[in-house]
Amino acid sequence: MDLPLPPSAPTIPIREDLRLRPWRVGDEDVLTAACQDPEIQRWTTIPTPYTRENADFFLEITASDWASGAGGSLALVNPREDVPFGSFGFVSIRADHRAAEIGYWLAAEQRGHGYASSAVIALSEYALGLVGLDEVYLRIDPLNLASAAVARRAGFERTETAVADARTPELLDTYTRFAARAGHSAR
């Protein structure tokens, strides 16, 4: 089953001071600097140490993923400065289940302002509305209380506890947001 993902990364307005936009050449230095954060390294699957070569590869792979219809990551920016301070995107899309996993990180100095939950809400609404998925989910380490709070503020409910898979063998909780439309239970 094909999903109606665009052939290029979208720009998703969130509010006047926030938007998700495609990652692009020129973002490598800010990406490399942000990924030095021990909290990003602790809670995500990024390489550690994170190098400029890792940033170059990330920009190439996310552009390729969008071009292939697999989705990818988007940079969170304030449109006035247009400097990325977060990454939000589709870690995987399961067309057979009409579901997508969203992954994200936010630079340390930008935490605590509601940016993460606003971006997760916007990306979820994009996936559940325009793309037409039935659910989006987040997989969060049970010790990552900040991400669990983001999930709850973004309208997700915990649907599984202590689940591992081949990609992330550590035990993670799953938080899910369901589409609310005719013929589908919003649970």
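For the structure itself, consult the block above.
The shown structure was predicted, so the numbers you read here are calculated from the model rather than taken from an experiment.

## Comments concerning the pairing of strand E8 (residues 172–178)
Now for step 1: Of all seven residues making up E8, seven are buried, and the element is well covered by its neighbours.
Now for step 2: Alignment of strand E6 (residues 135–140) against E8, held across six bridges, turns out to be antiparallel. Bridge pairing in E8 places Glu135 opposite Phe178.
Now for step 3: Direction of pairing for strand E7 (residues 157–163) relative to E8: antiparallel, over a ladder of four bridges. What sits directly across from Glu157, in E8, is Thr176.

## Let's talk about the packing of aromatic side chains
Now for step 1: Inspection of the entire model under this criterion finds six aromatic pairs.
Now for step 2: Ring centres of Trp66 and Phe90 lie 6.1 Å apart, and the angle between their planes is 65°; this geometry places the pair in the edge-to-face category. Note that Trp66 is positioned in helix H3 (residues 52–68) and Phe90 in strand E4 (residues 86–94), a separation of 24 residues in sequence.
Now for step 3: On the basis of relative accessible area, Trp66 is assigned to the buried category, the value being 3%.

The rules behind these values
- Residues numbered from 1 in each chain as written.
- Predicted model: local features only at pLDDT ≥ 70, side-chain atom pairs only at ≥ 80, totals over all residues.
- Heavy atoms only, no water.
- Buried < 20%, exposed > 50% of the residue type's maximum accessible area, 1.4 Å probe, protein only.
- Helix = DSSP H or I, 4+ residues; strand = E, 2+ residues; numbered from the N terminus.
- Pairing = 2+ DSSP bridges.
- Phe/Tyr/Trp six-rings, centres within 6.5 Å; stacked < 30°, edge-to-face > 60°.

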